[in-house]
Amino acid sequence: MSENLNVFQIAQQQIKDACDKLNCKPEVYDILKQPLRFVEVTVPIKMDDGTTKIVTGYRSQHNDALGYYKGGLRFHPMVTADEAKALSMWMTFKSAVVGLPYGGAKGGVAVDPKELSKRELEQVSRGFVQAIASHIGPEKDIPAPDVNTNPQIMGWMMDEYSKIQGANNFGVVTGKPLSIGGSQGRLTATALGCCIVIREAIEKLGIDFKQARIAIQGFGNAGSNLSTILHDMGAKIVAVTDLHGGLYNPDGFNPYEVVKANETVQPKSEDSAVAKSPATKHITTEELFALDCDVLIPAALENQITGQNAGDVKAKILAEAANGPTTPEADKILNEKGVFILPDILASAGGVTVSYFEWVQNLQNYYWTAEEVNERLEQKMVAAFDNVYQVSQNSSVDMRSAAYMIGIKQLAEAMEARGWLD
Ligand code: NAD
């Protein structure tokens, strides 16, 4: 298996493996191996100094056999067409695994938001929506936040789309501020969903939750909320890293202090509280991956655990809060070592689940309490974990293969029913 596959080829391979395991008709893979629609746009931005900056944006709509397209938008200098395609493919399977009536989409703009003023960032957000407006909508494709995008950006996008349509349209994006149709619980949803499946896996493996030692790569929306929720649930956070550094305390530390200290760090700074907070030892991400711990959580970007470092992993559980953090070669090594993997399409599905709840609330104009949202999230995540675990046990396959098999079955059935096959 080549380690040189890009993320798009990795996503294709994962789908192909599951189609082969299920002996699917060849047309199933032929449809699923690429997005049904891919849009690339060029957006001119008026900068504060009067110059014009040209940025490129993408929206990949993978498959809508099961429902409207749904998936995040990323603002990052490394955003590429292949990345958007791969992430949209994973979204199709994520929604299917949790049982949401959605297809998969993803997109983003190749830009570094840290280099932009607030006004310039708003220009990028509004300009991108103008460019893709005919392809999105509450009954077409519903974007959401991802890496470097947040409720404020979703608010601008909803406002721009509403202006284009000439009417308020809250349901066009999710992850919005509460004052304009956001949902209770959305900010913490990805992390909470991941914590729920970690709790279920810990129970299955017979580990004492209160003694569980947790290491997390990434301290953004997913990683920082994971650290505080798991801390509240009684587990020990022993290590975190971000782009600027990492800290390790074998006896555990209070992540709230790091979250609070991070709030004072300037957005453009090359520093972070993760790199500066008191620690027994300051560590790198490579050291974090090799730590003796119970649960390792990659919560940063793709392709972090590879054929080069997977052999060093000592964790009993790998919980993929990030999308695509493990390469196929690493996946093979980890499975051979007996690491219990909670695959991204299950472990990071909490965000899209509460995005679905947000969209449902927008369509009904009737809003739920945080308790109602979190209770429904709990039900969805536990049911999805049980389903994937059962298939993995019954078919003697790992959790990732089981999750893909569940997705492929639903998609094949829906595509057959629509008359797309034969
Ligand atoms: P974010 O931008 O809020 O945070 C990313 C974090 O990763 C930052 O702390 C950054 O410093 C860190 N990071 C980046 N590169 C790193 C590296 N090489 N080593 C260590 N740390 C590094 O992004 P997020 O929203 O938390 O998303 C993180 C992951 O979770 C992504 O894969 C994203 O697709 C996935 N995800 C997010 C959501 C969501 O609702 N936000 C939902 C599902 C999946």
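Asks: Describe the nonpolar core, listing the residues and the values that go with them.
Replies: Judged by nonpolar contacts, the single largest core of 92 residues is most densely connected at I198, L226, L230, I297 and L342. Top contributing element to this core by residue count: helix α15 (residues 399-418), with eleven residues. Excluding residues within four positions of it along the chain, I198 makes contact with L226, L230, V295, I297, A319 and L342. In this structure, V109, I153, W156 and V173 belong to the second largest nonpolar core, which totals 25 residues.

Asks: Tell me about the pattern of salt bridges, and please be specific about residues and values.
Replies: Applying the stated criterion to the full structure yields 24 salt bridges. Among the salt bridges present, the one from E200 reaches R199, with a minimum N-O distance of 2.8 Å. As a salt-bridge pair, R213 and D292 come within 3.7 Å of each other at their nearest N and O atoms. Residue R213 is found in strand β6 (residues 213-217), and its partner D292 is found in the loop between α10 (285-289) and β10 (295-298); the two are separated by 79 residues along the sequence. One network of salt bridges, in which partners are shared, links R74, E83, K106, D146 and E302.

Asks: Any details on helix α5 (residues 151-165)? Residues and values, ideally.
Replies: For α5, with 15 residues, the first-to-last C-alpha span of 21 Å sits near the 21 Å given by 1.5 Å per residue. Taken together, the buried positions of α5 are I153, M154, G155, W156, M157, M158, E160, Y161 and S162. Backbone nitrogen of Q152 and a side-chain oxygen of the N-cap are separated by 3.2 Å at the start of α5; the cap is N150.

Asks: Describe the site of the ligand, and please don't skip the residues or the numbers.
Replies: Near the ligand there are 24 residues, and of these D146, T190, N221, A222 and N323 occur at the shortest range. In the environment of the ligand, an oxygen atom lies 3.1 Å from a nitrogen or oxygen atom belonging to the backbone of L243. Considered on its own, the ligand offers 830 Å² of accessible surface; in the complex 85% of this is hidden by protein. Elements with a minimum of two residues in the shell around the ligand: α7 (221-232) and β7 (236-242). Counted by class, the shell around the ligand contains eight nonpolar, eleven polar and five charged residues.

Asks: An account of helix α14 (residues 370-395) is needed here, citing residue identities and associated values.
Replies: Across its 26 residues, α14 extends 37 Å between first and last C-alpha, which sits within 8% of the 38 Å expected from 1.5 Å per residue. Among all positions of α14, only V373, L377, M381, V382, A384, F385, V388, Y389, V391 and S392 are buried. Tucked into the core, α14 has its buried residues touching α3 (81-98), α6 (189-204), β12 (340-342), α12 (344-347), α13 (350-364) and α15. Note on α14: the residue one or two positions beyond its end, S396, has a positive phi of about 50°.

Asks: I'd like to hear about the sheet that holds strand β2 (residues 52-63), residue by residue, with values.
Replies: As summarised here, the arrangement of the five strands in space is β1-β2-β4-β3-β5, forming an open sheet in which the pairing is mixed. Two strands bound the open sheet, and with one partner strand each, they are β1 (37-46) and β5 (141-145). Across the sheet, the mean angle separating the axes of adjacent strands is 20° when strand polarity is ignored. On the sheet, helix α4 (residues 118-132) packs against β1, β2, β3 (68-75) and β4 (102-109) and is oriented at approximately 140° with respect to β1.

Asks: Before we move on, can you summarise the packing of aromatic side chains with the specific residues and values?
Replies: As enumerated under the stated definition, the model contains ten aromatic pairs in all. For the ring pair F385 and Y389, a centre distance of 5.8 Å and an interplane angle of 10° mean the geometry is stacked. Taken together, the residues F385 and Y389, both in helix α14 and four residues apart, mark about one turn of the helix. The two residues F385 and Y389 agree in class, both being buried. Members of the aromatic cluster, connected to one another through ring pairs, are Y68, Y102, Y356, F357, W359 and W368. For the cation-ring pair, K85 lies above F38, with the distance from its terminal atom to the ring centre recorded as 5.0 Å. In this structure, R376 packs its charged tip against the face of W368, placed 3.9 Å from the ring centre.

Criteria and cut-off values
- Residues numbered from 1 in each chain as written.
- Predicted model: local features only at pLDDT ≥ 70, side-chain atom pairs only at ≥ 80, totals over all residues.
- Heavy atoms only, no water.
- Core = buried A, V, L, I, M, F, W, Y, C linked by side-chain atoms within 4.5 Å.
- Buried < 20%, exposed > 50% of the residue type's maximum accessible area, 1.4 Å probe, protein only.
- Helix = DSSP H or I, 4+ residues; strand = E, 2+ residues; numbered from the N terminus.
- Contact = heavy atoms within 4.5 Å.
- Salt bridge = Lys/Arg side-chain N within 4 Å of Asp/Glu carboxyl O.
- Expected span 1.5 Å × (residues − 1).
- Polar contact = N/O pair within 3.5 Å; in protein donor to acceptor, adjacent residues only side chain to side chain.
- Near = heavy atom within 4 Å.
- Areas by Shrake-Rupley, 256 points an atom, 1.4 Å probe, with all protein chains shown as cover.
- Nonpolar A, V, L, I, M, F, W, Y, C, P; charged D, E, K, R; others polar.
- Pairing = 2+ DSSP bridges.
- Axes fitted to C-alpha atoms, helices over the stretch in contact; angles between N-to-C directions.
- Phe/Tyr/Trp six-rings, centres within 6.5 Å; stacked < 30°, edge-to-face > 60°.
- Lys NZ or Arg CZ within 6 Å of the ring centre and 35° of its normal.

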